[in-house]
Amino acid sequence: MLSCRGVTRRPWFEGFSLELEAGEIVVLRGASGSGKTLLLRALADLDPVEAGEVSLAGVPRSDMAPCEWRRQVVYVHQESVRLARTVRADLARIRELSPQVQPSAVSPLSPPLDALTENLSGGELQRLALARALHAEPRVLLLDEPTSALDEDAARDAEATVVEWTRCGHAAVWVTHEAELAERLGAREVRLA
Amino acid sequence: MTTLPISWIDLVLAGALVLANGAASVWLGLGLGRRLVVAAVRTVVQLLVLGLVLHWVFETDGPVFVVLILLAMSVLAGFEAVRRTTRRVRGLLPGSMAVMTLSSILVLLYGLRAVVGVEPWWAPRYAIPILGMILGNALNGVSLGLETVLEGFDRERRKIEVLLAHGATRSEASRDVVRRAVRTGTIPIVNSMAAAGLVSIPGMMTGQILSGEPPLSAARYQIFILFCIASAVALGTVGVVLVAARLVFDERERLRPERILRVGPERDG
């Protein structure tokens, strides 16, 4: 589904290649500062790269408008931010960006819709970020330590939600420091040197 | 009725007021005396030179020199608008100069030809002072708008990136920042229009009344000028803010915050 070949951004990664199949989760691990976040951002087309080709379902990224690419390959930041005053308005803002997609139910990961976003904790903001990404209905999720601020139960809920979501033909790359995550998700692990 | 002339002796008498201020500064130990004298001397020299130049320009008999002066004034205003900001982005200076020139000259031409009906259209007695008033205000609006938009991109880059990451276009992601910047740039002139004549008599109306124009006619001129200024401020602010908003993204609509350079201390508020 998502294919990248020879993606390079020195000094962090050089000639990185990955084939991500539909329904698959790849867990990306590596030491701090090894460029995991930069790689996800590069795949999401949020940062430029020096070399390499990226494509989605055989269509090169260069043939797609940037917004079209990012609608289908959504990057979830590790530290989330508020987009609007309430959770409902926050999700509505995302919905405005993809009006052609049929609206689906809000993910159970979302904090209460009428909650004020300024009152959300770090963990709740991370749940909102995940709910927001799922609400955008992409084909691929690029998750940058999306559960780092969640308690254990909430983290397991988030993991289960993403696994369930990929079973519908979607795919995800999940950056983590956690050694057991790949096994828990039943995912392939890739290390960034 | 004509204006009572002010002689050199009258100016010396007016200067006594500044000297009185200087004496008060010395007496109170404010340390402003020297700066006050320098500022007063600059006022005298700059305005007399301006008077001489305008006298000479008003005597000219062709549009070329007048047009060159109008262009120079506009380009300098575009330069000054960028110089006043504490953040810059590459390519902003030519953009600001082009937008400022285009917006101000367009409004000036419309005002002179369609509204006042000046003949010839380049008549320096009208074109130069009216453009000066337009630019003086547009400069404030544009620099406020620029400061706000670049500060917005700097401060809200995470939010903008989250929107981009979910498929927002460059325009959709920067909508809030751009709107806020345009509002900030245009609020002063909107407030000025709302308060016109309530707190003080505006400058042009004052000048016309002093030169013997009937107050109602002076009021009509002031209204015309305020409308021209408001239009130029809005056009200039929208234009320059959009140019700045374009420059902080690359060709793949990625936000490039490293393009925003800080060149001075951040303003309060």
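The rules we used
Residues numbered from 1 in each chain as written. Chains lettered and ligands numbered in written order. Predicted model: local features only at pLDDT ≥ 70, side-chain atom pairs only at ≥ 80, totals over all residues. Heavy atoms only, no water. Axes fitted to C-alpha atoms, helices over the stretch in contact; angles between N-to-C directions. Helix = DSSP H or I, 4+ residues; strand = E, 2+ residues; numbered from the N terminus. Parallel < 35°, antiparallel > 145°, perpendicular 65-115°, else oblique. Left-handed = near helix turned anticlockwise from the far one by under 90°. Contact = heavy atoms within 4.5 Å. Nonpolar A, V, L, I, M, F, W, Y, C, P; charged D, E, K, R; others polar. Buried < 20%, exposed > 50% of the residue type's maximum accessible area, 1.4 Å probe, protein only. Pairing = 2+ DSSP bridges. Domains from an automatic or database assignment. Buried area = accessible area lost by both parts, 1.4 Å probe.

Undergrad: What am I meant to see in the packing of helix α4 (residues 92–116) of chain B against helix α10 (residues 215–247) of chain B here?
TA: Packed helices, taken two at a time, are described by their axes: the angle between them and the distance between them. Residue and element names in this part refer to chain B. With their axes 9 Å apart at the nearest point, α4 and α10 run at an angle of 155 degrees to one another. In this view, α4 runs roughly antiparallel relative to α10, as classed from their interaxial angle. α10 is crossed by α4, and the crossing has right-handed handedness. Where α4 approaches α10, its residues L92, G95, S96, V99, S103, V107, G111, V115 and V116 are matched on the opposing element by Y221, F224, C228, S231, A232, L235, G236, G239, V240, V243, A244 and L247. Here the contact of α4 with α10 is built from residues that sort into 14 nonpolar, 7 polar and no charged.

Undergrad: Is there a simple way to think about helix α1 (residues 36–43) of chain A in this case?
TA: Because each turn of an α-helix spans 3.6 residues, side chains separated by three or four positions end up pointing in the same direction. Residue and element names in this part refer to chain A. Taken across its 8 residues, α1 has 7 buried, putting it largely inside the fold. Every buried residue of α1 is accounted for by K36, L38, L39, L40, R41, A42 and L43. Downstream of α1 by one or two residues, D45 has phi in the positive range, about 65 degrees.

Undergrad: Would you take a moment to explain the sheet that holds strand β7 (residues 140–144) of chain A for this structure?
TA: The strands making up a sheet associate through backbone hydrogen bonding, with each pair oriented either parallel or antiparallel. All names here are of chain A. The sheet built from 5 strands is open, its strands ordered β6-β7-β8-β3-β9 with parallel pairing. With one partner strand each, in any of the chains shown, β6 (73–76) and β9 (188–191) form the two edges of the open sheet. Strand after strand, the sheet turns through a mean of 20 degrees between neighbouring axes, direction not considered. Here β7 runs beside strand β8 (residues 171–175); their pairing, made up of 5 bridges, is parallel. Paired with D144 across the two strands is V175, which belongs to β8.

Undergrad: When you look at the packing of helix α1 (residues 8–28) of chain B against helix α2 (residues 33–59) of chain B in this model, what are you seeing that I'm missing?
TA: Residue and element names in this part refer to chain B. At a minimum axis distance of 9 Å, the contact between α1 and α2 shows a crossing angle of 160 degrees. In terms of their interaxial angle, α1 and α2 are classed as roughly antiparallel. For the pair α1 and α2, the crossing hand works out as right-handed. Where α1 abuts α2, its residues W8, V18, N21, G22 and S25 lie against G33, L36, A40 and L48. By residue class, the composition of the contact of α1 with α2 is 5 nonpolar, 4 polar and no charged.

Undergrad: Just checking my understanding: could you explain the domain arrangement of chain B for this structure?
TA: Where the parts come together, the accessible area they lose is often given as the size of the interface. Residues and elements named next belong to chain B. Once the domains are mapped, chain B shows domain 1 (1–59) and domain 2 (63–262). On a C-alpha basis, the centroid separation for the pair domain 1 and domain 2 is 30 Å. The interface is formed by 7 residues belonging to domain 1 together with 10 residues belonging to domain 2. Around 680 Å² of area is buried between domain 1 and domain 2 when both sides are counted, 76% of it from carbon and sulfur atoms.

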